[in-house]
Structures are given as C-alpha cells and as structure tokens.
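Tertiary structure, described
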Amino acid sequence: MTWDEAETAALIGRLVGASAEGEDRAVEAALRPKDLDEFIGQEKVREQLDLVLRAARARGATADHVLLSGAPGLGKTTLSMIIAAEMEAPLRITSGPAIQHAGDLAAILSSLQEGEVLFLDEIHRMSRPAEEMLYMAMEDFRVDVIVGKGPGATAIPLDLPPFTLVGATVRSGLLPPPLRDRFGFTAHMEFYEPTELERVIHRSARLLEVETTPEGAAEIAGRSRGTPRIANRLLRRVRDYAQVRVDGVVTREVASAALAVYEVDARGLDRLDRAVLGALLKLFGGGPVGLSTLAVAVGEERETVEEVAEPFLVREGLLARTPRGRVATPTAWEHFDLVPPRRDGPADGRGGPY
C-alpha cells in the first residue's frame, strides 16, 4: 500500500457515522448554540418557545412541559439545554430506554430540585408503568411510591417540587394521547433548507477556526440531508481533508473532493443509501420488493434499512413504499444513470412501470 493509499484509508476510517466519539463529541457540544438568539432555523418553534419562556419568567413560575418531535439531529437536545439556560435552571438528562421500571422514574423525580428541567429523550420508548406514573407527576407534581407486595402493599404519596419536563421523540404518534395532552407546548422540528444549513456551517467554521468560502459552505450544505448535526460532522471531515491534502481552506472543489473520499455524493447519499438503491435497481429491477429481502441483499438489519436509509430516500423521491413492497422511482433510475425495464400494466406499483 502506498502512502497516499494508507492516508486515504485512514481518512475513510473516520467515515460519517450515527454517533460521534471522543473528540467529536466534545466538538459537537462546543458547537451547540447557548440561547435562542444563537439558534439557527426553526423560526416558528423559536418564536413560540420564546413566548412560553418569557411568560414563565415574568410570572416567576416554572415553564410548561415541552414536547419536541422530529428527526434525529435537528436540535431537540440543544433546545432542551437552551430552555434550562433561559430559565436559569439545572438540567437533568435521561432517556426512555433507561427507564424500564416505575421505580427508576420515581428515583429521578424525587431527586429533582425546584424549577429543574428534566430532558427525557426517546420518551416514546419508556415502559408503560413508568409512563403511567409520569401522568400524575406532570399534572399534580406528585407520585405514589408502592412499598411492599401483594395485599400488604402500601402506596406512599410523595410530593415533587415544580419542574419542567422536556420530552423528545422521533415518533410523536407512538405517544398515548393522555401523555401528549399533558404537555403545555408541543413543537415539530422541520428539516432545514440549504440556506439555513449554510448559516450553520459558517457559524461552526468560525468556532472551529476553519476558513470556508461561501461556495464551500454551500457544497457541504447541499449534501447534509437537511440536518445540522450532519452538516457539522461533514464540515469537520472536510476540515480534516483540507488540512492534510491542501492549504486548509474549504472551497467548493476541496469540499467536493473530500466528500468523495467519505463516500457522500452530490445528493447527500452515503454508502448505505446507495447500497439500498443499487440492490433495488440492479437485483430486483426496481421492485416491488419486501423490506426483509432488501435488507438481506445489502447485508443490514431490517430496522437499519427502515429507520436509517428509507426516510431520506423517500423524502428525496428516490424510493416509494407500496402495499407490495419498496419501489424505485424514475428519479432513482436517473440518479444511477440506468434505464428502467419496460413493463406492461398500470403505473401503480402493482407490477407496472412506476
């Protein structure tokens, strides 16, 4: 292996992944906005949330419970930190999967301080007993702790200090209505426009002390799938490439070359996206094909294909879900420079051309 090949392999070894590790986590934390004025995008959510927080501060009360929904990477965790900062309150962070028993939740709630903000990520994955305990805690700031078992069990009421719950979920439809109704403010986070992501990238570049041209920022923004977290991650990888291969300045040409190394194409598709579409087009003639079959063809778990690749492919109009399975759209054939096979029948996903 030549030096250039070894260097390229090392770069590819830091491919954009589902989570950042080590230094990347610290950098991500440093790039988070600290207040609503710094927060870019989500204009309606920012305006509504600003009113909620200002009114609570004017009354000298804790803010209403907040439910944030939307795809990963759009800023739900960041907004929870901003809520705590704006209310000048401590922040406690936990997640739904970590609360498997009502006792787990009772332990967290009973240790809260007055006015504290409790951020509950993936709230839809909390266990049902804990969920039912949360109803009373949110509404009456009280929980009943069960001591003992069987006929001798006793419920001990425990009063809680007023607190603000910030729940985050990627699937608000999975929350039962009684839980959704207890949130005083609900907001849905939308995907970002490329112009908004350019502002995110310029801000992050200043914090990282990376010289970036407007064209370079636009190139990264166009491949960031409408998600600030991905935009920041791609910026860091392009920075690495620029520092190693060129003079450290992120131009359009440098960004394009760097993202080619990291296998992120001009439309934002990564290796998994192209593997799914490639299998659908080349192995199954564009579909329809079942999700399980498609997952086996690309060597991934069914849930990975469904939850990681498909949402973006559907949003980009490259893949469609039909009653008979997944179908490639004409845009997907075009993107891969392939010609779809001729079929007879109606264009409805039931055997005819899409």
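Report on the accompanying structure. None of the values given here were measured: they were computed from a predicted structure.

1. Section: helix α14 (residues 302-315)
Compared with the 20 Å implied by 1.5 Å per residue over 14 residues, the 19 Å span of α14 between its first and last C-alpha is a close match. Within α14 the residues assigned to the buried category are Val-305, Ala-309, Glu-310, Phe-312 and Leu-313. Buried residues belonging to α14 abut α12 (271-283), α13 (291-298), β8 (319-322) and β9 (325-328). Just downstream of α14, Gly-317 is the residue with a positive phi angle, here 75 degrees.

2. Concerning the pairing of β9
Bridge count between β8 and β9: four bridges; the pairing is antiparallel. Residue Ala-320 lies in a different strand from β9, and its bridge partner there is Val-327.

3. A word on the side chain of His-124
Examined against the element boundaries, His-124 turns out to sit in the loop between β3 (117-121) and α6 (128-140). In this structure His-124 comes out as buried when scored by relative accessible area, which is 16%. Separated by 2.8 Å, the side chains of His-124 and Thr-169 make a polar contact. Other than its neighbours up to four places away in sequence, His-124 contacts Thr-169, Val-170, Arg-171, Leu-174 and Leu-175.

4. Concerning helix α5 (residues 102-110)
Among all positions in α5, only Ala-102, Leu-105, Ala-106, Ile-108 and Leu-109 are buried. The buried residues of α5 occupy an angular sector of 165 degrees when the element is viewed end-on, so they sit on one face.

5. Considering the pattern of salt bridges
Enumeration according to the criterion identifies 19 salt bridges in this entry. A salt bridge links Asp-240 to Arg-237; the shortest N-O distance between them is 2.9 Å. With a gap of three residues between them, Asp-240 and Arg-237 both fall in helix α10 (residues 228-245), about one helical turn apart. On the basis of relative accessibility, which here comes to 2%, the residue Arg-237 falls in the buried class.

6. So, the packing of aromatic side chains
Two descriptors summarise a pair of aromatic rings, namely the distance from one centre to the other and the angle between the planes of the rings. This structure, assessed with the given rule, holds one aromatic pair. Look at Phe-141 and Phe-163: their rings are 5.5 Å apart centre to centre, the planes differ by 80 degrees, and that puts the pair in the edge-to-face class. Highlighted residues: Phe-141 in the loop between α6 and β4 (142-147) and Phe-163 in the loop between β5 (154-159) and β6 (164-169), separated in sequence by 22 residues. Geometry around Phe-312 places Arg-225 over its ring, the cationic atom sitting 3.9 Å from the centre. The ring centre of Phe-191 lies 3.5 Å from the NZ or CZ of Arg-315, which sits over that ring.

7. With respect to the nonpolar core
Leu-49, Leu-79, Ile-220 and Val-238 are the most contacted members of the largest nonpolar core, which totals 48 residues. Here this core takes seven residues from α10, the largest share from any one element. Excluding anything up to four places from it in sequence, Leu-49 contacts Leu-36, Val-66, Leu-79, Ile-83 and Phe-185. Grouped together as the second largest cluster of nonpolar side chains are 25 residues, Leu-109, Ala-130, Met-133 and Leu-160 included.

8. A few points about the environment of Ala-242
Tracing the sequence through the fold places Ala-242 in helix α10. Look at Ala-242 and you get buried, because its relative accessible area is 0%. Distance from Ala-242 to Glu-211, taken between C-alpha atoms, is 9.8 Å for residues 31 residues apart in sequence. Apart from residues no more than four positions distant in its own chain, Ala-242 is found in contact with Asp-247, Gly-248, Val-249, Val-250 and Val-254.

Calculation criteria
- Residues numbered from 1 in each chain as written.
- Predicted model: local features only at pLDDT ≥ 70, side-chain atom pairs only at ≥ 80, totals over all residues.
- Heavy atoms only, no water.
- Helix = DSSP H or I, 4+ residues; strand = E, 2+ residues; numbered from the N terminus.
- Expected span 1.5 Å × (residues − 1).
- Buried < 20%, exposed > 50% of the residue type's maximum accessible area, 1.4 Å probe, protein only.
- Contact = heavy atoms within 4.5 Å.
- Pairing = 2+ DSSP bridges.
- Polar contact = N/O pair within 3.5 Å; in protein donor to acceptor, adjacent residues only side chain to side chain.
- Arc of directions from axis to C-beta.
- Salt bridge = Lys/Arg side-chain N within 4 Å of Asp/Glu carboxyl O.
- Phe/Tyr/Trp six-rings, centres within 6.5 Å; stacked < 30°, edge-to-face > 60°.
- Lys NZ or Arg CZ within 6 Å of the ring centre and 35° of its normal.
- Core = buried A, V, L, I, M, F, W, Y, C linked by side-chain atoms within 4.5 Å.

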